[in-house]
Amino acid sequence: MSQQRGITQSKESLLKSYNKRLKDDVKSILDNFTEILKAAKVEEQNQVSTLTQSDQARYEMHVRAANIVRAGESLMKLVSDLKTFLILNDFPSVNEGINQRTQQLKAIQGECDTKLLALRDDMAADLYDLEEEYYSSRHK
Amino acid sequence: MASSSAVERLQALESIEKEIAAVLQNAGLAVQELCKDKPNERQLDRHTGQFLKSLQDVESGLSQEINYLTQVATGQPHEGSSYSAQKETQMALHRVEHAKKRLADLNSVCTQGSSQGPQQ
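Just so we're clear, the structure is a prediction, and the values are computed from it rather than from any experiment.

S.K.: Explain the packing of helix 3 (residues 91-135) of chain A against helix 3 (residues 83-116) of chain B to me, using residue names and the numbers behind them.
M.R.: For the pair helix 3 of chain A and helix 3 of chain B, interaxial distance at closest approach is 9 Å and the crossing angle is 25 degrees. Considering their axes alone, helix 3 of chain A and helix 3 of chain B lie roughly parallel with respect to each other. The two elements helix 3 of chain A and helix 3 of chain B cross, and the hand of that crossing is left-handed. Taken together, the residues of helix 3 of chain B that come into contact with helix 3 of chain A (itself represented by A:Thr102, A:Leu105, A:Lys106, A:Ile108, A:Gln109, A:Cys112, A:Asp113, A:Leu116, A:Leu119, A:Met123 and A:Leu130) are B:Ala85, B:Gln86, B:Glu88, B:Thr89, B:Ala92, B:Leu93, B:Arg95, B:Val96, B:Ala99, B:Leu103, B:Leu106 and B:Cys110. Class assignment for the residues of the contact of helix 3 of chain A with helix 3 of chain B results in 15 nonpolar, 4 polar and 4 charged.

S.K.: Can you tell me about the nonpolar core, naming the residues and giving the values?
M.R.: Ranked by internal contacts, the top residues of the largest apolar core, which has 31 residues, are A:Ile29, A:Leu75 and B:Leu62. It is helix 2 (residues 41-72) of chain B that contributes the most residues to this core, 9 residues altogether. Look past the residues within four positions of A:Ile29 in its chain and what remains in contact with it is A:Ile68, A:Ala71, A:Gly72, A:Leu75, B:Val23, B:Phe51 and B:Leu55.

S.K.: Please provide a residue-by-residue account of a negative patch on the surface, values included.
M.R.: Judged by side-chain charge, A:Asp122, A:Asp126, A:Asp129, A:Glu132 and A:Glu133 come together as a negatively charged surface patch. Within the secondary structure, A:Asp129 sits in helix 3.

S.K.: Could you give me a rundown of the interface of chain B and chain A, with the residues and numbers involved?
M.R.: In this complex, chain B contributes 53 residues to the contact, which on the side of chain A involves 50 residues. Area buried by chain B at its contact with chain A is led by B:Ile66, B:Leu69 and B:His78, which between them contribute 13% of it. In this structure, the connection of chain B to chain A is made through 3 salt bridges. At the boundary of chain B with chain A, the tally comes to 6 residue pairs in polar contact (both at pLDDT 80 or more). Put simply, the parts of the chain that give the side of chain B that touches chain A at least two residues each are helix 1 (2-35), helix 2 and helix 3 of chain B. Per-element tally for the side of chain B that touches chain A: the top contributor is helix 1 of chain B, with 16 residues.

S.K.: So what's going on with the confidence of the model for chain B? Residues and values would help.
M.R.: Summarising the model, chain B shows a mean pLDDT of 88, and 93% of its residues fall at 70 or more. Across the interface, the model reports ipTM at 0.72; the global pTM reads 0.73.

S.K.: An account of helix 3 of chain A is requested, with residue identities and associated values reported.
M.R.: Residues and elements named next belong to chain A. Compared with the 66 Å implied by 1.5 Å per residue over 45 residues, the 63 Å span of helix 3 between its first and last C-alpha is a close match. Along helix 3, the sharpest change in direction is near 25 degrees and occurs at Asp126. All of the buried residues along helix 3 are Phe91, Ser93, Ile98, Thr102, Leu105, Gln109, Cys112, Leu116 and Met123.

S.K.: Please give an account of the pattern of salt bridges that cites residues and values.
M.R.: All names here are of chain A. One pass over the structure, following the stated rule, counts 15 salt bridges over all chains. Linking Arg64 and Glu60 is a salt bridge whose minimum nitrogen-to-oxygen distance equals 3.3 Å. With a gap of 4 residues between them, Arg64 and Glu60 both fall in helix 2 (residues 50-89), about one helical turn apart. Look at Arg64 and you get partly exposed, because its relative accessible area is 23%. For Arg120, the salt bridge is made with Asp121, and the minimal N-O distance between the two is 3.2 Å. A residue is classified by how much of its surface remains accessible, and Arg120, at 54% relative accessible area, is exposed. By relative accessible area, which is 44% here, Asp121 ends up partly exposed.

Parameters at a glance
Residues numbered from 1 in each chain as written. Chains lettered and ligands numbered in written order. Predicted model: local features only at pLDDT ≥ 70, side-chain atom pairs only at ≥ 80, totals over all residues. Heavy atoms only, no water. Axes fitted to C-alpha atoms, helices over the stretch in contact; angles between N-to-C directions. Helix = DSSP H or I, 4+ residues; strand = E, 2+ residues; numbered from the N terminus. Parallel < 35°, antiparallel > 145°, perpendicular 65-115°, else oblique. Left-handed = near helix turned anticlockwise from the far one by under 90°. Contact = heavy atoms within 4.5 Å. Nonpolar A, V, L, I, M, F, W, Y, C, P; charged D, E, K, R; others polar. Core = buried A, V, L, I, M, F, W, Y, C linked by side-chain atoms within 4.5 Å. Buried < 20%, exposed > 50% of the residue type's maximum accessible area, 1.4 Å probe, protein only. Patch = residues over 30% accessible without salt bridge, like charges linked within 9 Å, V, L, I, M, F, W, Y side chains within 5 Å. Areas by Shrake-Rupley, 256 points an atom, 1.4 Å probe, with all protein chains shown as cover. Salt bridge = Lys/Arg side-chain N within 4 Å of Asp/Glu carboxyl O. Lys, Arg positive; Asp, Glu negative; His and termini not counted. Charge placed at Lys NZ, Arg CZ, Asp CG, Glu CD. Buried area = accessible area lost by both parts, 1.4 Å probe. Polar contact = N/O pair within 3.5 Å; in protein donor to acceptor, adjacent residues only side chain to side chain. pLDDT = per-residue confidence, 0-100. Expected span 1.5 Å × (residues − 1). Bend = angle between axes of the 7 residues up to and from the residue.

Listed below in structure tokens is the structure:
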């Protein structure tokens, strides 16, 4: 029982980690996009020259764009993990899949057995004639 | 019905993946609009609005899925299987093969007998 509780806790912590990853990635995309738009503002010349300022802004935009892409990739990985988790642990759908497969197989088995029984009945009628022929011949 | 909802859930996750790509594309279009010599403000607003909307859709869709999984998932692995039905079907097919073989033998005996028949 304590082992079951331990397993359930790890599943809970796994789902919490999914939530955290989702929130962090969405926040990262939004923040980095906002900062790119802020950095696009043309400022008056400050302490450094315009060239240095524009170089710095360009570098910052590169880094923030790369961050947005990284967060997007991380979201894709999260979706993939959720798909795996769903396929393995969504018990209602797994049960339904197993039931469908069992019913299919039972239908095939029932059909085979019905046809074999019909064959047996036909053979019983034909064997009557065959036996009569055999026992009345000189080869018995 | 549960299996169709499982298929629906997987399809919803597929559409969320496409939506994530749309988020990045809209962000790129918005920044590209800013790069122009004369950025069109309406276009910029449109792209930014689309970016925010698709991001919102992604977040709400994924948190919905995670909520569903918190309700449904337990710690135990699923131990059901369709092995028993599979075994019984295999045995039924085996019976059919056996009956076919015996009928083939009987057929060969009868054919042999009818070919020797005129010697009677």
